[in-house]
Amino acid sequence: MTGIADRVEHGPARPSWDCASCGRAWPCDPAREQLAAEHGRVDLAIVMWDHLEEAARDMPQAPASELFDRFLRWTD
Ligand SMILES: [Zn+2]
């Protein structure tokens, strides 16, 4: 049920975590819409926590507060 992994559009390009389609910081607006459509609010938060943890491993220099805003704040 990961969905996004088998789509070419608006998925994260690792390890930069820019969108593979539009090049903006992932999750870009279309990716957020897609994620919100695919998951309920609680599932969405769980999925984004997983992405945040992976992104933190890929980008250890990124401030945690910045990653939190980017990956989780919009899910509220
Ligand atoms: Zn995109």
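Because the structure is predicted, anything quoted here is derived from the model rather than measured.

Conventions adopted
Residues numbered from 1 in each chain as written. Predicted model: local features only at pLDDT ≥ 70, side-chain atom pairs only at ≥ 80, totals over all residues. Heavy atoms only, no water. Salt bridge = Lys/Arg side-chain N within 4 Å of Asp/Glu carboxyl O. Buried < 20%, exposed > 50% of the residue type's maximum accessible area, 1.4 Å probe, protein only. Donors = N, O, S within 2.8 Å, 3.2 Å for Na, K, Ca; no water. Tetrahedral: all angles 85-135°; square planar, octahedral: opposite > 155°, others 65-115°. Phe/Tyr/Trp six-rings, centres within 6.5 Å; stacked < 30°, edge-to-face > 60°. Helix = DSSP H or I, 4+ residues; strand = E, 2+ residues; numbered from the N terminus.

### Considering the pattern of salt bridges
Any two side chains of opposite charge can pair if their charged atoms end up close together. All chains considered together, the criterion is met by 4 salt bridges. Its salt-bridge partner being Arg 73, residue Asp 69 comes within 3.1 Å of it at the nearest N-O pair. The exposure class assigned to Asp 69 is partly exposed, which follows from its relative accessible area of 38%. Because the salt bridges share partners, they merge into one network encompassing Arg 14, Glu 54 and Asp 58.

### Observations concerning the coordination of the zinc ion
Protein coordination at the zinc ion comes from His 10 (ND1), Cys 19 (SG), Cys 22 (SG) and Cys 28 (SG), with a distance range of 2.0 to 2.3 Å. Here the zinc ion is ringed by 4 donor atoms whose angles at the metal span 102 to 121°, and the overall shape comes out tetrahedral. All donors of the zinc ion come from a single chain, and their spacing in sequence reads H-x8-C-x2-C-x5-C. Here Cys 28 falls in the buried class, since its relative accessible area comes to 3%.

### Things to note about the packing of aromatic side chains
Enumeration according to the criterion identifies 4 aromatic pairs in this entry. Ring geometry for Trp 17 versus Phe 71: centroids 5.6 Å apart, planes at 75°, classification edge-to-face. With Trp 17 in the loop between strand E1 (12-13) and strand E2 (18-19) and Phe 71 in helix H3 (residues 64-71), the pair connects residues that are 54 residues apart, well separated along the chain. Exposure remark for Trp 17: the relative accessible area of 1% places this residue in the buried category. With a relative accessible area of 0%, Phe 71 lands in the buried category. Members of the aromatic cluster, connected to one another through ring pairs, are Trp 17, Trp 26 and Phe 71.

### What to know about unusual backbone geometry
If a residue is not glycine, its phi is most likely negative; likewise, a peptide bond is most likely trans. In the segment running from Arg 14 into Pro 15, the intervening peptide bond is cis, with an omega of 5°. Relative to the assigned elements, Pro 15 resides in the loop between E1 and E2. Each neighbour pair has its own omega, and for Trp 26 with Pro 27 the value is 0°, a cis peptide bond. Structurally, Pro 27 is set in the loop between E2 and helix H1 (29-38). Phi at Trp 17 is positive, roughly 60°, even though this residue is not glycine.

On their own, these measurements won't tell you what the molecule is for.
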